[in-house]
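What the coordinates show
Residue strings, one per chain:
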Amino acid sequence: MYEMEKENLRRFSDYITKFLRPSVIKNFMTVYLDKEMVESILSTEMKSVTAAAQMLLDQMCYLEEVGWFQAFLDILLASEYTGLHDAIKEWNFQELEQLNEHRRFLERIEPSITKHLKPSELIAHMSGCLKPRECEEIQAEESQRGRIAASEKLVASLLRSDKPNWFKLLKIALENCDLDEARDMLETNGGAAAAKASEWDAEPEAMMTTVCFEFREEAETEDMLMSSNNSTSVAEEPGSFTGKPERSGERKLREYQKELTAAAVQGQNTIICAPTGCGKTIVALAISEYHLKQFPEKAKIVFLATKVDVYEQQYKLFKEHFSSKDPNIRVTGMCGDMDYLSVRWLIEHHDIVVMTAQILVNALQSAEVPSLEILSLILFDECHNTTGKHPYNNIMTRYLDTKLTSSTHSLPQIVGLTASVGIGSFKNGLEAENNILQLCANLDTRVITTVTEHKDELKSYVHTPEKAFFEVQQCMSHPFIRIIKNIMSNIEQLAQKTFNIESLSNIQNREYGSQKYEQWIVSVQKSCKVLQMKNKDEERRICRELYNYTEHLRKYNDALIINEDARTKDALDYLDAFFDQVRNAGFDETERKLTALYDCQRPQLLRLATEGEQNPKLDELKFILEEEYHNNDQTRTVMFVKTRALADAMKKWIDETDSLKFLKPGVLIGKGRKSNFTGSGMTPNNQKGILESFKSSDQSKMLIATSVADEGIDIPQCNLVLMYEYVGNVVKMVQVRGRGRAEGSRCFLISSNKERIAKEKINMFKEKMVEEAIVQLQSRPADLSNKVDMLQREDKARRDHISSSPEKPKTQGSYELLCSKCKKFACMSDDIRVVQGAHHIVLDRSMFKRCTTAPHKNPRAFSGFCKKEKMLCAECKHDWGLIASYLTIQDLALLKIESYVVQNCVTRRQDYFRKWRDVPFAMREFDMTEITPETCRPRDTAPDEV
C-alpha cells in the first residue's frame, strides 16, 4: 500500500530534504512515529536539518497506516510549505528546481552578505516567504547572540524556503531597509564587501555590534626595511637574487623579502600575504625594478592605492627609490584632485604610474584608456579589497571579461599585496578556503605567496604584540540617563500627537541609547519622506515636524551612547554643541519647543555632569595608562575608539586628568562627509601635522584614532595599542594589532561587553584558521587552479546573465523634485541635465528663488566644476546640494538626489531614491548650446516663480 508514494519519496528525497524541516511538522511525526524516533529526528535536526529530514523520509517509507500520505500533505499545507506541498502532490519539482540558482548564489555570498543585513528590520518585509516561527527564531537569535548570528539564521531560513518569490522579496526588503551594500551584492557577482570609506563610506564608527574597519600598514622607509649591508639588486634570472653588489651604497633585500618576490619575478599572478610591518612596499619596488629590466621597452606599471592618503605616501616612496636608483625611470602619480591630467598620456609617457583605483576605473569607463592591455603589470595595494563593488574588483572584472571572451589578448601581470586574506565571514576551515579562493579568482591568481623558508628571520623583524583583554564594569544607572530618557519619551509623545509614528516603522523593542534606536529613527525618517495626505500644506507641516522630532531624538540617543563610554560631561557638551547649532541656524516653532524642553532640564543635567561619579571604564583606562607609563616613560600609545565624538571626548578627559595630561594626545579622525560635530572632519594636512607631533618625543605621546586608517593614513610605530570598545573582523584585527611594532609591544582590548571580547577571541582563532587554509591551498596547487577556473566561469556567467536582463525603461514623463524634509517644491525633472555622465545640474534659474546659500567650507575644483556654496532649502534649511561654476558658466545648481522626494506629476505618487541611477525618469545629457543669456543670468536676477 502506498508503494508509488514511497518510491517517489525516495526518488525525490534530494529535493524534499532541501526544504523540509521536521520540527515544523512535529504533530505529524508524533501521530505516525514512535516517541523515541521523533526525539532522535529532532535531536539530529539540531546538528543537521537535511540529515533529520532524510531520517523522517526513511521512516515514512515504513508506514502502513491508512491516510498517512494525505495527512503528510495536509500538514505541509497547514505549515505553509505550499511550494513543497504542490510539488509532492503533483510529483513535479520543476518550480522548486528553478530556485536552485538563487539558492546556490546565496550560499556563495552568504559569508559576505550576512555582515550587511539587519534581520529585525528585514523580516517585517518578508512574511511572504518566512514562516512566523522562523521570524520569531531570528528575532530571538539577534537578541541572544547578535546581528551576525541572526543574519546567518535568516539566510539559512531562506535557503530552505519553498516560496518561488523569496529571492525577489529579499531584494525588495533590502531596498526598503536601505541596505544598499547587500542589495548590490545580490545584483552583481557577490563576494565579500570591503569596509568603505571616503566617497562610499557608510560611517563604520556607527556600527555597534560589529565595527568594520581597516588599518593600513605603515609605509616604512627603505632604511627601516633593508639592512645596512652592501646591496644587491634583483638578479636577471627570474626568482633568483645573486647577492653581488651592483652599485656601492645600495641596500640589500632581506631573505624573506626575496622569498616574497619569487613568484612575481617569474611572471606569475600572485597574492603576496605577509604581516604588517614586514616591508611589502619594498617588495613591490623590487618586483617593479625586475619587471622594468625584463621588459625595458614595453614595461608599463601601475601601482594602485585605495585612497588619496595612501597614494601620496606610496608615490613619494616610488619616486624617491627610482630617482636614486635610475633617474631614467620615469615615475609619476595621479589622484582624485588631478582630473585635469590625461591618464592615457601619463601611462604612455611614463614607466610607472602610482594612482588611486577610481582614477583608473573612470579612465576605463570613459574609454580614455581603451583597455588594460596597454599595461604590463598592475600592483594592488591592500588587495583583500578586491571584492564586491570596490574599484579594485571593477578593474579586475574588466580584466577577466577580456580574458574569458578573447583567445588573443596581452593582459598585464597581476600582483596583490595584503596583510591577511581572511576576508568575509566563515565558521570553519573549508569556508575560509572558499573565501580565499574567491579572492584568488577575483585577482586571477593561482599562487599565494607567503614566507615559508625564512620564518625565523621574519619573526626577528616583525614583532606580534602580546594580546590582553580587560573586561570592565559597565556604567550603571545614573540620574543623567533617566532624565535624558524621560526627555526622549516626552519627544516621542509630542511626535505621536502630530502623527502616529509607530505606523511609520516596523522596528520593535527599540531601546534608548542603542544602535537599534538609531535604525528606528532612520526608518521613520524614510517613511516621512514619502508620507502623502490630501491636504498638502498639512503634509508639509507634519513631515517637517516629524523630521525635527526625530533629529532631536537622534542627538539624545547619541548622548546616551557617549555617556556609556566617556564622561557625563562629554555627553552634555555634545548636546550643548547641537543646540548651539539649532539656535544659530534660526529655528521654527517645533525647534523652539524642543529647545525649551532641553533648557528646562539643563541646570540639573549640568549639576549631575559636574558632581556625578566617574565612568568605571575610564577608571580602568586611567589605571592601565598610569601603569604602562610608570613602567616605561618612553611608551608610545595608539588608542582606537568607535566614533569621532568619542575621540574628542577622550582627548578632553585625558587633557583634564592631572596624571595623564602629560600625554598631550593627538586626535586622528577621517575627513568623512558626516560628523557629529561641526568641523570635526580632518584634512590630510591636519592629519600629517598630528602624525608629525606624535613622531616627536617631546610632543604627543599618544594618538586617539577612529577608523581613520580605512582612509589610508599611516600610523607610526608604537609599543602600546589600546582598543577601547573596538572590534572588527580578522583582517582588521591583524592590521590594527600591527600598529604595535616595537619589540615587547602589547595590544589591549578594553570593553564592558562580553560578546565583544568573545568576538575578538574568535578572531584570534580564525586568524589561525586562515593561516591553515593558506597552507592547505598551497599544498594543492592543481586543485586551487581548477577551483579558481570554475569560480571565474560561474562569475562570468552570472555577469552575462545580469547584463542580458533588460533594464527598466525610463519614462519621459514629468516629475517634481520636492524637499525631502518639508516637501517644498524645488524643480522639475525636465530641467535636469547630466554632465559627464555623473553630475546633475538644473537649468531652471527660478530654482534660486526657492533656495538659500551658505559658504562652503572646502571650495575646490573637480571635473571642470568649481564648488562655491552650499545650497539649502529656503523653507527649512535642508541641504539640497551645491552652487558651482562649470567651465565658463557661473551659478549652476548641482543636486544631491538623496535630498529630494520625487513626485509623479500625473499619479502624484512620491518615491525616495538614494542614487540617481534608480530614478524613474529619463534625463538629457547637458549640451552647451542650451546655455542662453537667460540661463547665464546671475542667480539674484532670476525671474519670479510662476
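By the naming in an unreviewed UniProt entry, the protein goes by RNA helicase and is assigned to Cyprinus carpio carpio. Its UniProt record gives the protein the following Catalytic activity (unreviewed entry) comment, quoted word for word: "ATP + H2O = ADP + phosphate + H(+)".

**Structural notes on the side chain of His291**
When you line up the elements, His291 lands in helix α17 (residues 280-294). Among residues more than four places away in sequence, those in contact with His291 are Ala299, Ile301, Ser376, Leu377 and Gln413.

**Observations concerning the pairing of strand β3 (residues 331-334)**
Of the two faces of β3, both are covered, the one formed by Val331 and Gly333 as well as the one formed by Thr332 and Met334. In the sheet, β3 pairs with strand β4 (residues 352-356) via four bridges, with the strands oriented parallel. Bridge assignment links Met334 to a residue of β4, and that residue is Met355.

**Structural notes on the nonpolar core**
Ranked by size, the top nonpolar core spans 66 residues in total, and within it Tyr556, Leu621, Met639, Met650, Leu722 and Tyr724 carry the most contacts. Looking at this core, the element that brings in the most residues is helix α26 (residues 536-565), giving nine residues.

**Some points on the pattern of salt bridges**
Pairing between side chains of opposite charge can happen when the charged atoms of each approach one another. Counted under the stated rule, the structure contains 55 salt bridges. The residue Glu545 makes a salt bridge to Arg541 at a minimum N-O spacing of 2.9 Å. Here the residue Glu545 and the residue Arg541 both occupy positions in helix α26, the gap between them amounting to four residues, near one helical turn. Assessed through its relative accessible area of 15%, Glu545 is described here as buried. The partner of Asp580 in a salt bridge is Arg583, and the shortest N-O contact between them spans 3.5 Å. One end of the pair, Asp580, and the other, Arg583, are both in helix α27 (residues 568-585), three residues apart, so they sit about a helical turn from each other. You can call Asp580 partly exposed: its relative accessible area is 40%. Overlapping salt bridges, with partners in common, bring together Arg567, Lys569, Asp570, Asp573, Lys652 and Glu656 in one network.

**A word on the sheet that holds strand β9 (residues 637-640)**
Taken in spatial order, the six strands line up as β8-β13-β12-β9-β11-β10 in an open sheet, and their pairing is parallel. Every interior strand has two partners, whereas the edge strands, β8 (466-471) and β10 (666-668), have only one. Neighbour-to-neighbour, the strand axes of this sheet turn through a mean angle of 20°, independent of strand direction. Across four bridges, the pairing between β9 and strand β11 (residues 702-705) is parallel.

Criteria and cut-off values
- Residues numbered from 1 in each chain as written.
- Predicted model: local features only at pLDDT ≥ 70, side-chain atom pairs only at ≥ 80, totals over all residues.
- Heavy atoms only, no water.
- UniProt positions renumbered as here; feature names shortened; annotations may be inferred.
- Helix = DSSP H or I, 4+ residues; strand = E, 2+ residues; numbered from the N terminus.
- Contact = heavy atoms within 4.5 Å.
- Buried < 20%, exposed > 50% of the residue type's maximum accessible area, 1.4 Å probe, protein only.
- Pairing = 2+ DSSP bridges.
- Core = buried A, V, L, I, M, F, W, Y, C linked by side-chain atoms within 4.5 Å.
- Salt bridge = Lys/Arg side-chain N within 4 Å of Asp/Glu carboxyl O.
- Axes fitted to C-alpha atoms, helices over the stretch in contact; angles between N-to-C directions.

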